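# Summary of structural features
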Amino acid sequence: MLAYVYMKRTFIGRLFFITILLVLFAVSGAKAQELTISNNLLYDATLTPNLNMGVQVSPKWSVGVTGGFRHWPIGNLTKTKWRHLLIAPEVRHWTDSLQIGHFFGMNAMYSHFNAGYSDFVIYKGVKDERRQGDLVGLGAFYGYSWRLGKRWTLEAQCGLAVGYAWYDRFVMNSQGDDWDPIGDDKSVFVLPQLGLNIVYHIPLKSKESRRYGLTKQYNINQ
């Protein structure tokens, strides 16, 4: 139900739709050589299910999008919470071999959040109140990828994002049975980006992949 409420918001729905269209365009129009599906284990540690889908669009470039959704705690009167939806498209440049070795990237992000009574670094200042709103940001990161097997790799990455958030503020009333609004606010934030990603590679048969000889070069399909 909460997912439906989030996606019903016009801006979120449009952003999600445009992001999926961009990825599909990269797969079909750019004749992608490979599809990757990955999970950030560090993001999992925050109890946020997440998934990244990426495609190769040239010998040393890939594009992708990350989605994360944490919908609990569900109870409206629960004070300590960090509920959010995250959408983050990205582009990467691989300096060695595609999907192996060093890479640099940039990403954009959008999140709708509902956080309260927590010292979590992203929402500094919510220790004694609840904040519900939206944020956007731009980030840059560096990472390295190791081959684990025929179709598996492991990525470690780190970076920073700078963004802007706008939100409504609430405090719980003295009876503890409702939230009282105390205004709205906006702020600029700097957010660390950390990832430990387990990646699965799905080869896509295309003339482009045969031209670049990716199957042979990266030993993904052997």
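Throughout what follows, the structure given in this document is the object of discussion. The structure displayed is predicted, hence computed values, not measured ones.

Now for the environment of L35. Following the sequence through the fold, L35 ends up in strand β1 (residues 34-40). As a C-alpha pair, L35 and Y200 span 165 residues in sequence and 8.5 Å in three-dimensional space. Leave out the neighbours within four places in its chain, and L35 touches M53, G54, V55, Y200, H201, I202 and L204.

This structure, assessed with the given rule, holds eight aromatic pairs. Centroid distance F103 to F141: 6.3 Å. Interplanar angle 75 degrees. Geometry classified as edge-to-face. Of this pair, F103 sits in strand β5 (residues 101-116) while F141 sits in strand β6 (residues 130-147), placing them 38 residues apart in sequence. Exposure remark for F103: the relative accessible area of 0% places this residue in the buried category. For F141, a relative accessible area of 5% puts it in the buried group. Aromatic pair F104 and Y142: ring centres 5.2 Å apart, planes at 50 degrees, arrangement tilted.

Attention now goes to empty space enclosed by the protein. Vacant regions in the atomic arrangement are exposed by a probe of water-molecule size rolled over the atoms. The tally for this structure, following the rule as stated, stands at one cavity of 30 Å³ or more. Here the largest cavity defines a volume of roughly 100 Å³. Only β1, β2 (50-58), β3 (61-70) and β4 (81-94) provide two or more residues apiece to the lining of the largest cavity. Tallied by class, the residues present in the lining of the largest cavity amount to four nonpolar, seven polar and three charged.

What follows is about the sheet that holds strand β7 (residues 152-172). Read around the barrel, eight strands follow the order β1-β2-β3-β4-β5-β6-β7-β8 and close on themselves; strand pairing throughout is antiparallel. Across this sheet, the average inter-strand angle for adjacent strands is 20 degrees, counted without regard to direction. Across 18 bridges, β6 lies against β7 in antiparallel orientation. If you follow G133 over to β7, its bridge partner there is Y167.

With that out of the way, let us pick up the nonpolar core. Residues Y43, L86, A88, M109, F113, L135, A161, A165, Y167, F189 and L191 constitute the largest nonpolar core, which totals 11 residues. The set of elements that each furnish at least two residues to this core consists of β4, β5, β7 and β8 (179-203). Considering each element in turn, this core owes the most residues, three residues, to β7.

Scoring rules and cut-offs
- Residues numbered from 1 in each chain as written.
- Predicted model: local features only at pLDDT ≥ 70, side-chain atom pairs only at ≥ 80, totals over all residues.
- Heavy atoms only, no water.
- Helix = DSSP H or I, 4+ residues; strand = E, 2+ residues; numbered from the N terminus.
- Contact = heavy atoms within 4.5 Å.
- Phe/Tyr/Trp six-rings, centres within 6.5 Å; stacked < 30°, edge-to-face > 60°.
- Buried < 20%, exposed > 50% of the residue type's maximum accessible area, 1.4 Å probe, protein only.
- 1 Å grid on protein atoms, 1.4 Å probe; cavity = no way out; pocket = protein on both sides within 12 Å on 5 of 7 lines; lining within 4 Å.
- Points joined across faces, edges and corners; volume = space filled by probe spheres on them.
- Nonpolar A, V, L, I, M, F, W, Y, C, P; charged D, E, K, R; others polar.
- Pairing = 2+ DSSP bridges.
- Axes fitted to C-alpha atoms, helices over the stretch in contact; angles between N-to-C directions.
- Core = buried A, V, L, I, M, F, W, Y, C linked by side-chain atoms within 4.5 Å.

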